[in-house]
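A look at the structure
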Amino acid sequence: MPDAPRSPPSRTVQPARRSHAERSQATRQDLIAATIQVVAEHGLENASAFAIAKAAGVTQGALQHHFGTKKALILRAATELVHSDDHNGNMAVWPSPALPLRARAEAAITAAWQLTYGRPSYVTMWSIFMACRTDAELLQHLAVERENLRLRMAGGFLRAFPELAGRPEQESFANLVFSALRGMGVQEMFQPPPSLCAGQRAVLVDLLVLRCEQAQAQAARSGAHVPASTTAPVRRSRRSPVA
């Protein structure tokens, strides 16, 4: 019986080799991620260059090559943490101002929670911020970065809710919304009942809708322009129970 034809030997496809720039960037990101991990687990004072390099799987020489000093690496890691709160410039969070008011408010709060404040890594981020409070230079660096982020976030929020435009307290209200979400995010470290945070977010949506409705009514009484997207009557939703 003739032998069956043999299949040609399969060729192993070799992965494309990364360029020097790609390998260098990957090592830098590994060091940044390792710094965040080590500071979160052991505190800033115990985050030695050796421990960070070991967690990243590189030598201390590689750390010095890419960042110069441990302090420079920690500053970069702190900056990465701040901007992880930004979610691509925060524009992905904010819905179109053309949406009806309640739908817009629900979309904004839900997206902000899912993309930033409700992530498991959010508590880790704040534990690192707290660990950095003993270092004056790091604290000042974080303060500047977070202030820049605050201004960008407030700008995106107010573009999504033009009803608040021209109100003297508009920026303070935007900051209040972010502070509430931030508190809910930190609250997650205690693993509260899911209904607690859901109820708080529902109340926050109601507060945002009420604030915009009040601004809209005041603008109508004074003869100012009222955004067309919110002229339809707004139906209030039932709030989730707060545990």
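Residues numbered from 1 in each chain as written. Predicted model: local features only at pLDDT ≥ 70, side-chain atom pairs only at ≥ 80, totals over all residues. Heavy atoms only, no water.

1. Focus on the overall build of the protein chain
Put simply, the rule is: Working definition: helices are DSSP H or I runs of at least four residues, strands are E runs of at least two. Numbering for both runs from the N terminus. Exposed residues in this analysis have more than 50% of their type's maximum accessible area, buried residues have under 20%, and partly exposed residues fall in between, with area computed by a 1.4 Å probe over protein chains only. Here a residue-residue contact requires only that any non-hydrogen atoms of the pair lie within 4.5 Å. Accessibility throughout is a Shrake-Rupley quantity obtained with a 1.4 Å probe, and a residue counts as covered only by protein chains that appear here.
The helix and strand inventory of the protein chain stands at 9 helices and 0 strands. Ordered by position from the N terminus, the helices and strands of the protein chain form the series α-α-α-α-α-α-α-α-α. Split into buried and exposed, the 243 residues of the protein chain put 37% on the buried side. Here the contacts in the protein chain between residues at least 6 apart in sequence split such that 70% fall between residues at least 24 apart. Counting only carbon and sulfur atoms, one obtains 56% of the accessible surface of the protein chain, whose full area is about 14200 Å².

2. A closer look at the nonpolar core
Rules: As used in this record, nonpolar core signifies buried Ala, Val, Leu, Ile, Met, Phe, Trp, Tyr and Cys residues forming a set joined through side-chain atoms within 4.5 Å.
Ile52, Trp94, Tyr117, Phe157, Phe161, Leu164 and Leu181 are the most contacted members of the largest nonpolar core, which totals 58 residues. For Leu164, the contacting residues outside a window of four places in its chain are Phe157, Leu158, Gln170, Phe173, Arg211, Cys212 and Ala215.

3. Details of unusual backbone geometry
In this structure, Gln191 is a non-glycine residue whose phi angle is positive, near 50°. Assignment of secondary structure puts Gln191 in the loop between helix 8 (170–187) and helix 9 (194–222).

4. Focus: the packing of helix 5 (residues 101–117) against helix 9
Stated precisely, the cut-off is as follows: Axis angles are defined between N-to-C directions and span 0 to 180 degrees, where every axis is a line fitted to C-alpha atoms and, for a helix, only to the segment in contact. Here the word oblique covers every angle except those under 35 degrees (roughly parallel), over 145 (roughly antiparallel) and from 65 to 115 (roughly perpendicular). Crossing handedness is read from the near helix: turned anticlockwise from the far helix by less than a right angle, it gives a left-handed crossing, and turned clockwise, a right-handed one. Three classes are used, and their members are as follows: Ala, Val, Leu, Ile, Met, Phe, Trp, Tyr, Cys and Pro are nonpolar, Asp, Glu, Lys and Arg are charged, and the others, Gly among them, are polar.
Across the interface, helix 5 lies against helix 9 with an axial gap of 9 Å and an inter-helix angle of 140°. Judged on the interaxial angle alone, helix 9 and helix 5 are oblique. Here the hand of the crossing between helix 5 and helix 9 comes out right-handed. Contacts between helix 5 and helix 9 involve Leu101, Arg102, Ala105, Glu106, Ile109 and Trp113 on the former and, on the latter, Cys197, Arg201, Leu204, Val205, Asp206, Leu208, Val209, Cys212 and Glu213. Its residues assigned to classes, the contact of helix 5 with helix 9 comprises 10 nonpolar, no polar and 5 charged.

5. Describing the pattern of salt bridges
To keep things clear, this is the line we draw: For salt bridges, the criterion is a side-chain nitrogen of Lys or Arg within 4 Å of an Asp or Glu carboxyl oxygen.
With the rule as written, the count across this model stands at 9 salt bridges. When the shortest N-O distance is used, the salt bridge between Arg104 and Glu163 registers 2.9 Å. Pair noted here: Arg104 is in helix 5 and Glu163 is in the loop between helix 7 (136–160) and helix 8, with a separation of 59 residues, a long-range link. Judged by its relative accessible area of 6%, Glu163 is buried.

6. Looking at the packing of helix 1 (residues 20–42) against helix 3 (residues 60–67)
The geometry of helix 1 relative to helix 3 is characterised by a closest axis approach of 10 Å and an angle of 105° between their N-to-C directions. By the angle between their directions, the pair helix 1 and helix 3 is classed as roughly perpendicular. Contact with helix 1, carried on its side by Ser24, Thr27, Arg28, Leu31 and Ile32, involves Ala62, Leu63, His66 and Phe67 of helix 3 and no other residues of that element. Considering only residue class, the contact of helix 1 with helix 3 consists of 5 nonpolar, 3 polar and 1 charged.

7. Concerning the packing of aromatic side chains
Let me state the cut-off plainly: Two rings belonging to Phe, Tyr or Trp (six-membered ring only in the last case) form a pair when the distance between their centres is within 6.5 Å. Interplanar angles under 30 degrees mark stacking, angles over 60 mark edge-to-face geometry, and anything in between is tilted.
Applying the stated criterion across every chain, the model contains 7 aromatic pairs. Arranged with centres 5.7 Å apart and planes meeting at 80°, the rings of Trp94 and Phe157 form a pair that is edge-to-face. Separated by 63 residues along the polypeptide, Trp94 in the loop between helix 4 (70–84) and helix 5 and Phe157 in helix 7 bring together distant segments of the chain. Judged by its relative accessible area of 11%, Trp94 is buried. Judged by centre distance (6.4 Å) and plane angle (50°), the ring pair of Phe157 and Phe173 falls under tilted. Residue Phe157 is found in helix 7, and its partner Phe173 is found in helix 8; the two are separated by 16 residues along the sequence. Taking relative accessible area as the criterion, Phe157 reaches 0% and is therefore assigned buried.

8. Some words on empty space enclosed by the protein
Cut-off, in case you're wondering: Using only the protein atoms, space was sampled on a 1 Å grid; points where a 1.4 Å probe fits but cannot get out form cavities, open sets with protein on both sides within 12 Å along at least five of seven lines form pockets, and lining residues are those with an atom within 4 Å of a point. Grid points are joined across faces, edges and corners, and a volume is the space filled by probe spheres set on the points.
Under the counting rule described, the total for this entry stands at 1 cavity of 30 Å³ or more. Roughly 50 Å³ of internal volume is contained in the largest cavity. Lining the largest cavity are Thr35, Ile36, Val39, Leu44, Ile74, Ala77, Ala78, Leu81, Ile128 and Cys132. Of all the secondary structure elements, the ones that give two or more residues to the lining of the largest cavity are helix 1 and helix 4. Broken down by element, the lining of the largest cavity gets its largest block of residues, 4 residues, from helix 4. Residues that form the lining of the largest cavity fall into these classes: 9 nonpolar, 1 polar and no charged.

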